[in-house]
Amino acid sequence: MPQSIARPATLAVAGLIAILPLSMVSCSAAQKALDCGNTAVRITGDIADVTKAYNNASNDAAAAGTALQKLKNDLDQLGKNSKDTDVVKALNDLNTQVDKVQQAVDGKQIPDLGPLGDAAGNLTKVCTG
């Protein structure tokens, strides 16, 4: 191979070697953002369902339990599919709050939905931070 062709080819390969790890980081960040976006949409809908069901719990206590179980199932599924440790931790914290709300509902007490919203906000911070 003539030296005039070999040098540009070598530089091109060296450039690719330098760029590929950077693109993987970008893809990883993009994947995290996509995963977080999908998670946020799903969780927001579930929390709205829990709030709506709780507000109507005096009429239909089963709806509150069903909404909480759906949220818990979605959190479990999202936790299994997420590879980011910070997202998994935030999902686990949110799951803990779901359990506390469920315990209050089961005990026929008024659940405090504030910590549930705070945990969802923490998940948002993890996803955007």
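Residues numbered from 1 in each chain as written. Predicted model: local features only at pLDDT ≥ 70, side-chain atom pairs only at ≥ 80, totals over all residues. Heavy atoms only, no water.

*Asks:* Break down the overall build of the chain for me, with residues and values.
*Replies:* Helix and strand counts for the chain stand at 4 helices and 0 strands. Listing every helix and strand of the chain by position from the N terminus yields α-α-α-α. Residues classed as buried in the chain amount to 26% of the 129 residues present. Put simply, of all contacts in the chain between residues at least 6 apart along the chain, 62% involve residues at least 24 apart. Of the roughly 8,400 Å² of accessible surface on the chain, 60% is carried by carbon and sulfur atoms. (Helix = DSSP H or I, 4+ residues; strand = E, 2+ residues; numbered from the N terminus. Buried < 20%, exposed > 50% of the residue type's maximum accessible area, 1.4 Å probe, protein only. Contact = heavy atoms within 4.5 Å. Areas by Shrake-Rupley, 256 points an atom, 1.4 Å probe, with all protein chains shown as cover.)

*Asks:* How would you summarise helix α2 (residues 61–81) if you had to cite specific residues and measurements?
*Replies:* In a regular helix each residue adds 1.5 Å, so 21 residues correspond to 30 Å; α2 covers 31 Å between its end C-alpha atoms and thus fits that length. Here α2 has its buried residues at Ala64, Ala67, Leu68, Leu71, Asp74, Leu75 and Leu78. End-on, the buried residues of α2 take up no more than an arc of 125 degrees, which puts them together on one face. Pointing more than 90 degrees away from the buried face of α2 are the exposed residues Ala62, Thr66 and Lys80. (Expected span 1.5 Å × (residues − 1). Arc of directions from axis to C-beta.)

*Asks:* Provide a residue-level description of the packing of α2 against helix α3 (residues 85–106), including the pertinent values.
*Replies:* To characterise two packed helices, one gives the angle between the axes of the helices and the distance between these axes. Axis separation between α2 and α3 bottoms out at 10 Å; the angle between their running directions is 160 degrees. As the angle between them shows, α2 and α3 are arranged roughly antiparallel. In terms of crossing hand, the pair formed by α2 and α3 is left-handed. Across from Gly65, Leu68, Leu71, Lys72, Leu75, Asp76, Leu78 and Gly79 in α2, the residues of α3 making contact are Val88, Leu91, Leu94, Asn95, Val98, Asp99, Val101, Gln102 and Val105. (Axes fitted to C-alpha atoms, helices over the stretch in contact; angles between N-to-C directions. Parallel < 35°, antiparallel > 145°, perpendicular 65-115°, else oblique. Left-handed = near helix turned anticlockwise from the far one by under 90°.)

*Asks:* Could you give me a rundown of the nonpolar core, with the residues and numbers involved?
*Replies:* Core analysis: the biggest nonpolar cluster contains 24 residues, and Ile43, Leu71, Leu75, Val87, Leu94 and Leu123 have the highest contact counts within it. Taken together, the elements giving at least two residues each to this core come down to α1 (3–55), α2, α3 and α4 (114–128). The greatest single-element share of this core, amounting to 7 residues, is contributed by α3. Contacts of Leu123, omitting those with residues within four sequence positions, involve Thr39, Ile43, Val87, Ala90, Leu91 and Leu94. (Core = buried A, V, L, I, M, F, W, Y, C linked by side-chain atoms within 4.5 Å.)

*Asks:* Lay out the environment of Ala104 in plain terms, naming residues and giving numbers.
*Replies:* Checked against the element boundaries, Ala104 lands in helix α3. Residue Ala104 is classed as buried on the basis of its relative accessible area, which comes to 9%. In contact with Ala104, other than residues within four places in its own chain, are Gln109, Ile110 and Pro111.

*Asks:* Describe the pattern of salt bridges, listing the residues and the values that go with them.
*Replies:* With the rule as written, the count across this model stands at 4 salt bridges. One salt bridge connects Lys70 with Asp74, and the closest N-O pair in it is separated by 3.4 Å. One end of the pair, Lys70, and the other, Asp74, are both in helix α2, 4 residues apart, so they sit about a helical turn from each other. A residue is classified by how much of its surface remains accessible, and Asp74, at 11% relative accessible area, is buried. The partner of Lys89 in a salt bridge is Asp93, and the shortest N-O contact between them spans 3.2 Å. Taken together, the residues span about one helical turn, with Lys89 and Asp93 both in helix α3 at a distance of 4 residues. The network of salt bridges with common partners includes Asp46, Lys70 and Asp74. (Salt bridge = Lys/Arg side-chain N within 4 Å of Asp/Glu carboxyl O.)

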